[in-house]
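Read off the chains here:
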Amino acid sequence: MSKLTPAASLEAEAITSKERGQWALIARRFFRHRMAVASLIVFVLIVAFAFIGPLLWTWDYKIHPEIPPRVSPSLDHPFGTDQAGRDMLGAAMRATAQSLKVAFVVALGSTVIGAIVGAVAGYFRGWVDAVIMRITDILFVIPFLAIAAAIAGAIGTGTRWYHMAFILAIFGWLNTARAVRAEVLSLREKEFIEAARAAGGSSWHIITKHLIPNTTSVIIVSATLQIAFAILAESTLSFLGLGIQSPDTSLGLLIQAAQGFAFNEFWYLFYIPGAMVILIALTVNFVGDGLRDAMDPRQTMVRR
Amino acid sequence: MNAMLDTPQAQSAPVIAGRNLVKEFPVRSKGIVRRRVGAIHAVSGVSLEIGSNETLALVGESGCGKSTTARLLMNLIEPTSGEVVYEGRDLTRLSRKQMRPIRRDIQLVFQDPMASLDPRMTVFEIIAEPLRVHGLFKNGGRERVNALIEIVGLNAEHRNRYPHEFSGGQRQRIGVARALALQPKVLMLDEPVSALDVSIQAGVINLLEDLQEELGLSYLFVSHDLSVVRHIADKVAVMYLGKIVEEGTTAQLFAGPAHPYTQALMSAIPLPDPRKERARERIVLEGDVPSPSNPPSGCRFRTRCPLFKTLSEGQQRKCIDLEPPLRSDHEGQTRAACHYAAPKQLV
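Residues numbered from 1 in each chain as written. Chains lettered and ligands numbered in written order. Predicted model: local features only at pLDDT ≥ 70, side-chain atom pairs only at ≥ 80, totals over all residues.

Draft legend 1. Geometry of the confidence of the model for chain B. Per-residue pLDDT for chain B has a mean of 87; in total, 97% of the residues score no lower than 70. Throughout residues 1-10 of chain B the model reports pLDDT below 50, and contacts reaching past four residues in sequence, or to other chains, amount to six contacts. (pLDDT = per-residue confidence, 0-100. Contact = placed C-beta atoms within 7 Å.)

Now the structure itself:
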């Protein structure tokens, strides 16, 4: 790619190369990935819809006596209203916001915990590895719903979105930790790790500067999967009455409330929150793909 | 004879010395209780001395413990016994924290220039890493890295590129630049050119020689290529199955190798003159290297030794029962670990 304009790129390097760090290079590569950039834009719009939208729209997500129930989409209520007299546009905004918050806290928390735990286990091996991996094994065999229900039940009736995020994050990091550990086990035998040790690098230096950057593809893939997992798991728990509760709302709760409407005149109650879940999962996946490619310098960047 | 041999070593005190280094890797049984069932004797009692501004070559076939010896000297792996003396201190007794400042003085260049560079780091970051680790990057690290890139013969404009964008020879230069970043006194070169094409080898070898002259470095040059060793080394030590079987200055060793194993290695060096090549004596070793987990008694080389087969039974007994020490009381000029050492001119 740089061959197209050798003179220009050389000049640019002579001026800027001193300050162009690793991250600037990654950003440059990311912004060449068209699908990822388009997805990022859509995703930012969804976030704006969820968090800025409520400030601009007349109705919020609550039930108001002056809203007529079961109104088809119109200018007053673009997404229609539900049987209880709720403006569905306001509800969709709130629901998206709540689901996004849960999904991102889960993805971030479980990825950070999973990456560090997995890297530590894989790097130190021996008894450290044995203890950590047995703990994850035990958490794996406990039925997820049973534990989630137990914790949600203990919290009581006022389950908020951060409770949900916490419950889901407890289970989310297990897969990431396993995948990262497997990758690190093979990486730690590479010579560049020995080179870092020969230079006097500490274990922490090796883990954060070499092992985790070299597992980014695994980490990003599992982080994007976490987001989909979190949204679905949150819906499941809300459906069972263990998640976010009415009058507050989430995408899962909206879909659950609209079950049975998928094939009749109230279809919009079902498909709008459904489409939102798909759109979030899809854009996050594309952004994740773009990030993974941008961070892997060996990927040949073909214009897309 | 003895006095003459000792003079070159006595003149300069060694910069770094390994004494009676032994490294055994445990072999463990499978299952939950991993009992120790044996040991791989990777290095069995190796002593080496490297003087300042001197190149000591360590030669031997694959798996004879050359690389392990280099890592023992760097204190990257802990020896089973023996000591490494650097600046009057035994490195093997130091804690990790005490070892860190010394790491700056002893650096390593790897065999495989692809595997030894982090694929996710730019060249600049790779060379800057040792400086960052030791907190030296803040004052003038940027200029130092750029200067290093130029010193090893790369274009400083390429500092934002990644290792995979370079050829093998260029990558090895990056590895050398990284090793030089901390201004070391000793470089351990672990087969630095054996992964490169012959045409590229010459460039890297010349670079190493120039650097040694300019910076006053000491090299431990691990190799299995005797023609490269002859070119670069001042002293040579030949290893077989974890032991040094012969050592001497390069001139002495190539003039008359006294150990049958060295002779066999020498007879395999290709000669440029086809007439000489046809006329020369070829010593071909038969059989495989014995397992380092169960080395032969007495002389470790006797199972493949061409000389051993020609000996009488009484003489063979000695090889089987007695381990030959490194000795110089034979006709040649080197120190050879063979009961029946006799020099032979081969190249």
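Back to the write-up after that little detour.
Draft legend 2. Broad picture of the sheet that holds strand S4 (residues 81-86) of chain B. All names here are of chain B. Pairing is antiparallel in the open sheet, where four strands are placed in the order S2-S1-S4-S5. The two strands at the open ends of the sheet, each matched to only one other strand, are strand S2 (36-51) and strand S5 (89-90). Two elements, strand S1 (residues 14-28) and S2, share 12 bridges in a ladder whose sense is antiparallel. What sits directly across from Ala-17, in S2, is Glu-49. Strand contacts of helix H2 (residues 66-73): S1, S2 and S4, with the helix running at about 120 degrees to S1, the strand carrying the most contacts. (Pairing = 2+ DSSP bridges. Helix = DSSP H or I, 4+ residues; strand = E, 2+ residues; numbered from the N terminus. Axes fitted to C-alpha atoms, helices over the stretch in contact; angles between N-to-C directions.)

Draft legend 3. Inspection of the interface of chain B and chain A at higher detail. Facing the 27 residues of chain B at the interface are 25 residues of chain A. Take the side of chain B that touches chain A: its biggest share by element is four residues, from helix H4 (residues 123-133) of chain B. The class makeup of the residues in the side of chain B that touches chain A is 10 nonpolar, six polar and 11 charged. (Nonpolar A, V, L, I, M, F, W, Y, C, P; charged D, E, K, R; others polar.)

Draft legend 4. The arrangement of the domain arrangement of chain B in detail. Residues and elements named next belong to chain B. Partitioning chain B into structural domains gives domain 1 (2-105 + 184-336) and domain 2 (115-176). If you average the C-alpha positions of domain 1 and of domain 2, the two centres end up 30 Å apart. Residue-level contacts link eight residues of domain 1 with eight residues of domain 2. Here the residues of the side of domain 1 that touches domain 2 are counted per class, giving six nonpolar, one polar and one charged. (Domains from an automatic or database assignment.)

Draft legend 5. Local environment of the pairing of strand S7 (residues 186-190) of chain B. Residues and elements named next belong to chain B. Here S7 lies mainly inside the structure; four of its five residues are buried. The pairing of strand S6 (residues 106-109) with S7 spans four bridges and is parallel. Within S7, the position partnered with Leu-108 by the bridge is Met-188. The pairing of S7 with strand S8 (residues 218-223) spans five bridges and is classified as parallel. The residue of S8 that forms the bridge with Leu-189 is Phe-221. Viewed along the sheet, the connection from S7 through helix H7 (residues 198-215) into S8 turns out right-handed. (Buried ≥ 20, exposed ≤ 12 C-beta atoms within 10 Å, placed from the backbone. Right-handed = clockwise from strand over helix to strand, strands pointing away.)

Draft legend 6. Layout of H7 of chain B. All names here are of chain B. Its 18 residues give H7 an end-to-end C-alpha distance of 26 Å, which sits within 8% of 26 Å, the value for a rise of 1.5 Å per residue. Those residues of H7 that are buried lie in contact with helix H6 (168-180), S7 and helix H8 (226-232). Phi turns positive one or two residues past the end of H7, at Gly-216, with a value near 65 degrees. (Expected span 1.5 Å × (residues − 1).)

Draft legend 7. Just the sheet that holds S7 of chain B, in detail. Residues and elements named next belong to chain B. Strand order in the open sheet made by the seven strands is S6-S7-S8-S3-S9-S10-S11, with mixed pairing throughout. Every other strand in the sheet has two partners, leaving S6 and strand S11 (335-336) as the edge strands with one partner each. Where strand S10 (residues 243-249) and S11 come together, two bridges link them in antiparallel fashion. Opposite Glu-247, over in S11, you have Arg-335 as the bridge partner. Relative to S6, H6 is tilted by about 170 degrees, and along the sheet it contacts S6 and S7.

Draft legend 8. Structural context of the packing of H6 of chain B against H7 of chain B. Residue and element names in this part refer to chain B. For the pair H6 and H7, interaxial distance at closest approach is 9 Å and the crossing angle is 20 degrees. On the basis of the axis angle, H6 is roughly parallel to H7. In terms of crossing hand, the pair formed by H6 and H7 is right-handed. The residues of H7 that touch H6, namely those facing Gly-168, Gly-169, Gln-172, Arg-173, Val-176 and Leu-180, are Ile-200, Gly-203, Val-204, Leu-207 and Leu-211. Across the contact of H6 with H7, the residue classes tally to six nonpolar, four polar and one charged. (Parallel < 35°, antiparallel > 145°, perpendicular 65-115°, else oblique. Left-handed = near helix turned anticlockwise from the far one by under 90°.)

Draft legend 9. Spatial organisation of unusual backbone geometry. All names here are of chain B. Located in the positive-phi region is Asn-75, a residue other than glycine, with phi close to 60 degrees. The residue Asn-75 is located in the loop between H2 and S4 in this model. On the neighbour-count criterion, Asn-75 (21 C-beta atoms within 10 Å) is buried.

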